[in-house]
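Report on the structure
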Amino acid sequence: MQKRDEIVLAGGCFWGMEELFRRQPGVLDTECGYTGGENDHPSYQYHPGHAEALKIVFDPDQTSLKQLLDFFFRMHDPTFLNRQGFDLGSSYRSAIFYKDDEQKKISEEMIALVEKSGAWKRPIVTTLEELTRFWVAEDYHQDYLQKKPNGYTCHFVRPMKRFLEES
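Residues numbered from 1 in each chain as written. Predicted model: local features only at pLDDT ≥ 70, side-chain atom pairs only at ≥ 80, totals over all residues. Heavy atoms only, no water.

**Some words on the pattern of salt bridges**
Formally: Note on definitions: salt bridges are taken to be side-chain nitrogens of Lys or Arg within 4 Å of carboxyl oxygens of Asp or Glu. In DSSP terms, a helix is any run of H or I states spanning at least four residues, a strand is any run of E spanning at least two, and both are numbered starting from the N terminus. For the exposure calls, accessible area comes from a 1.4 Å probe over protein chains only, and a residue counts as buried if that area is under 20% of its type's maximum, exposed if over 50%, partly exposed in between.
Counting across every chain of the model gives 11 salt bridges. One salt bridge in this structure joins Arg74 and Asp70, with 2.8 Å as the shortest N-O distance. Taken together, the positions of Arg74 and Asp70, both in helix 2 (residues 65-75) and 4 residues apart, correspond to about one turn of that helix. Across the salt bridge formed by Glu109 and Lys105, the nearest N and O atoms sit 2.8 Å from each other. Highlighted residues: Glu109 and Lys105, both in helix 3 (residues 101-117), separated by 4 residues, approximately one helical turn. For Glu109, a relative accessible area of 32% translates into the label partly exposed. One continuous salt-bridge network, built from bridges that share partners, spans Glu19, Arg22, Arg23 and Asp143.

Structure follows, in structure tokens:
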């Protein structure tokens, strides 16, 4: 039986994150949604305080949370507060939504490793937020860049060294 784990990450528009993460080894599924905000049943039109986030389901025998976070810190700019590309506001913040103490500890270690590396010239502003509830985004947001290959994205993998030696 295949093992499954999941993490919820926010790093700007969920479309671009989904398209890049879906290609990573060990990623079994992705789902765009909202989390970390003030209202139940958020929508694209009304999601105060929520981040556009991506739920990543992965096989821990094929990839680790550390490896996924290593990729996360290279595919978006974790030094901009509430911004990625042209997208502005807390919906586009850099955040790791942890589900338990182990995910929180691994995330803290990765943030410290990225900060120490000096790869980013500004301080890392990625927040750690406890995952309370993940709300699935509207159908038209799911697999958006598969449906519209020339659609908007502000995400790309930066040409920098991986942060983990074993990645």
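What follows continues from the structure just given.
**Points about the packing of aromatic side chains**
Our working rule: Note on ring pairs: Phe, Tyr and Trp rings are taken, using the six-membered ring of Trp, and paired if centres are within 6.5 Å. Classes follow the plane angle, with under 30 degrees stacked, over 60 edge-to-face and the rest tilted. Any Lys NZ or Arg CZ that is within 6 Å of a ring centre and within 35 degrees of that ring's normal is treated as a charge sitting over the ring.
Under the definition given, this model contains 4 aromatic pairs. With centroids separated by 5.2 Å and ring planes inclined at 65°, the aromatic side chains of Phe72 and Phe73 adopt a geometry described as edge-to-face. A relative accessible area of 0% means that Phe72 is categorised as buried. With relative accessibility at 0%, the residue Phe73 sits in the buried group. The ring centre of Trp135 lies 3.8 Å from the NZ or CZ of Arg133, which sits over that ring. A cation over a ring is seen here: Arg158 above Phe156, with NZ or CZ 3.9 Å from the ring centre.

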